[in-house]
Amino acid sequence: MDLLNTLVDKGLRRELPTREEALAVLATSDDDLLDVVAAAGKVRRQWFGRRVKLNYLVNLKSGLCPEDCSYCSQRLGSKAGILKYTWLKPDEASRAAAAGVAGGAKRVCLVASGRGPTDRDVDRVTKTIEAIKEQNEGVEVCACLGLLSDGQADRLRSAGADAYNHNLNTSEETYGAITTTHTYADRVETVQQAQAAGLSACSGLIAGMGESDKDLVDVVFALRDLDPDSVPVNFLIPFEGTPLAKEWNLTPQRCLRILAMVRFVCPDVEVRLAGGREVHLRSMQPLALHLVNSIFLGDYLTSEGQAGQTDLDMIADAGFEVEGAGTTTLPRHRADALSGGGCGSQGAPEAAGCGSHEGSVATGCGSHGGGGGCGPCGGHPEPEPVVVADAGESVPAGRTDAARTDAGGGARTDLVTVRRRGAGTDLAPNA
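Residues numbered from 1 in each chain as written. Predicted model: local features only at pLDDT ≥ 70, side-chain atom pairs only at ≥ 80, totals over all residues. Heavy atoms only, no water.

An unreviewed UniProt entry lists the chain under the name Biotin synthase, with Streptomyces microflavus as the source organism. If you open the UniProt record of the chain and go to Catalytic activity (unreviewed entry), you find "(4R,5S)-dethiobiotin + (sulfur carrier)-SH + 2 reduced [2Fe-2S]-[ferredoxin] + 2 S-adenosyl-L-methionine = (sulfur carrier)-H + biotin + 2 5'-deoxyadenosine + 2 L-methionine + 2 oxidized [2Fe-2S]-[ferredoxin]". What UniProt states about the chain under its Pathway (unreviewed entry) heading is, verbatim, "Cofactor biosynthesis; biotin biosynthesis; biotin from 7,8-diaminononanoate: step 2/2." (UniProt positions renumbered as here; feature names shortened; annotations may be inferred.)

Structure below.
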């Protein structure tokens, strides 16, 4: 197919495809799907080999958010039965992070619900970053705390944060239909503040919210213009009790085409398969590894993922390798750009910074809105239980809903259980 040959050539040269070419990827047929995956896979392997980076979530504060993001179970007015608790203490968060690091995670993502941190919140998080760094040598730490105020990114950077996550989520044109309590421009400004402070920017999208192909291309091109080092691709998990509870629009084939389009537009960027992959890709998840070079293990912010050991088996069975702590993630040209002030400046480019070149790979055990999430990997001991203030009551099991193509090509919602994180318990599994 001439389109795919053109996109491969452009990806290998780090040349931006046209919007028409990106739209054409999303419009390809299921008959051409394997050709699309194979083509995007060539670009992925050029810049990242067969390495897969593992990321681990520590949810510092759950629920109780004043924002009205329609996709989020933690939103203002949400009736979703999720866990709600206030800030974890630094030692509690550090113990949770240690479980992920012991499982092979290279980056720990610290996520907190809310519009944005107060200065007191930043103090809390800086103490947590310092505790995690002290106890886990070489680990990357990414903060995801919402909209930043002046000077807060610098404080996080000084405390040892390597990266900051703030997703654009959808196109500027449709953003107002998803959220009204802040703007698309607010999100762009926060990403730029993080970059100006020398933090590695992590910013991505959520697919499956009823957006058009044009919206998807618009947000991915906007991300390319922002030039984050990491682009997480989330697939909407439609939680009961949220405005988007009935938006079951995705099929595995659609998800793979979206990931391929992102890879062609962002060829040398860490593309991360984040929240919703188990629900929407299901048995086709291994194919996605040919498109992405990074995943979250285990649980997400308010829903459960598949077992960490299952993810590790999937990576090995598909012929990929877990990226070791001594190997940087991004290609050398991006690492060099970061070495003067980005997250790679925490150490030499060969250390566990965000920028990268190819290096040795060590094997090991092993997000919606803000990040992704992980529980401890199978085959490793659970961390000590963490006492969380205001943890809330036990949460009932979730509904049995997930999209799948029926005989007529539409979405079905009767095959995969969307399990609420912590269902049947009063604590999050990864707390």
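(A) Layout of the pairing of strand β1 (residues 51-61). Extensive coverage of β1 is indicated by the burial of 11 of its 11 residues. Alignment of β1 against strand β10 (residues 321-322), held across 2 bridges, turns out to be parallel. Among the inter-strand pairings, R51 is bridged to a residue of β10, identified as E321. Where β1 meets strand β9 (residues 294-296), 3 bridges bridge the pair, whose relative direction is parallel. Bridge pairing in β9 links K53 to S294. Here 6 bridges tie β1 to strand β2 (residues 107-112), and the two strands are oriented parallel to one another. Across the sheet, N55 pairs through a bridge with R107, a residue of β2. (Buried < 20%, exposed > 50% of the residue type's maximum accessible area, 1.4 Å probe, protein only. Helix = DSSP H or I, 4+ residues; strand = E, 2+ residues; numbered from the N terminus. Pairing = 2+ DSSP bridges.)

(B) Just the nonpolar core, in detail. In terms of nonpolar packing, the biggest core is built from 64 residues, with L205, F235, I258, L259, M261, F264 and I295 touching the most fellow members. For this core, the element with the highest residue contribution is helix α10 (residues 252-265), accounting for 9 residues. Sequence-distant contacts of L205, that is, excluding residues within four places in its chain, are made with N169, L216, V219, V220, L223, V231, P232, V233, N234 and V262. Counting 31 residues, the second-largest nonpolar core is a separate cluster that includes A93, L110, V125 and I129. (Core = buried A, V, L, I, M, F, W, Y, C linked by side-chain atoms within 4.5 Å. Contact = heavy atoms within 4.5 Å.)

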